[in-house]
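Structural features, examined
So you can see what is in the structure, the chains are spelled out below.
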Amino acid sequence: MQGTVLTVAVAEGEEVEAGHVLCIVEAMKMENEVHAHRTGKVTELSVAAGQAIAHGQVICVISGQ
């Protein structure tokens, strides 16, 4: 989805569980939680609070355990 990142709830190197909130994106005046699709370690984080994101943009990479 296209929007603006309001908050980022993870950091590179952090372990996350499937369903963990990664960030909150505002799109069309609604706040949308973006959740981890799998359990693993955040190996690449490509967004920051206040940053605009485009449809299909990678927010983070989660490597399996």
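The paragraphs below set out a description of the structure included in this document. (Residues numbered from 1 in each chain as written. Predicted model: local features only at pLDDT ≥ 70, side-chain atom pairs only at ≥ 80, totals over all residues. Heavy atoms only, no water.)

Considering the overall build of the protein chain
- Looking only at helices and strands, the protein chain has zero helices and seven strands in total.
- Written out in order from the N terminus, the α and β elements of the protein chain read β-β-β-β-β-β-β.
- Here the protein chain has a C-alpha radius of gyration of 11 Å; the compact-globule value for 65 residues is 11 Å, and the two agree.
- Reported as C-alpha extents along the three principal axes, the dimensions of the protein chain are approximately 35 × 20 × 20 Å.
- A buried classification covers 28% of the 65 residues belonging to the protein chain.
- Split by element, the accessible area of the protein chain, about 4100 Å² in all, is 53% carbon and sulfur. (Helix = DSSP H or I, 4+ residues; strand = E, 2+ residues; numbered from the N terminus. Rg over C-alpha atoms; globule rule 2.2 N^0.38 Å. Buried < 20%, exposed > 50% of the residue type's maximum accessible area, 1.4 Å probe, protein only. Areas by Shrake-Rupley, 256 points an atom, 1.4 Å probe, with all protein chains shown as cover.)

Some words on the nonpolar core
- With 14 residues, the main nonpolar core has Val16, Leu22, Cys23, Val34, Ile53, Ile59 and Ile62 as its most contacted residues.
- At the level of elements, strand 3 (21-27) and strand 7 (60-63) are the ones that each hand at least two residues to this core.
- Once you skip the residues sitting within four places of it in the chain, isoleucine 62 turns out to touch Val16, Leu22, Ala36, Arg38, Thr39, Gly40 and Lys41. (Core = buried A, V, L, I, M, F, W, Y, C linked by side-chain atoms within 4.5 Å. Contact = heavy atoms within 4.5 Å.)

Brief notes about the pairing of strand 7
- What you see with strand 7 is a clean split: Cys60 and Ile62 sit on the buried side and Val61 and Ser63 on the side with no burial.
- Across four bridges, strand 5 (residues 40-45) lies against strand 7 in antiparallel orientation. Residue valine 42 lies in a different strand from strand 7, and its bridge partner there is isoleucine 62. (Pairing = 2+ DSSP bridges.)

Notes on the pairing of strand 4 (residues 30-35)
- Pairing analysis gives six bridges linking strand 3 to strand 4, with the strands arranged antiparallel. Bridging across to strand 4, isoleucine 24 finds its partner in glutamate 33.
- Two successive antiparallel strands, strand 3 and strand 4, enclose a turn made up of two residues, where methionine 28 displays a positive phi of approximately 55°.

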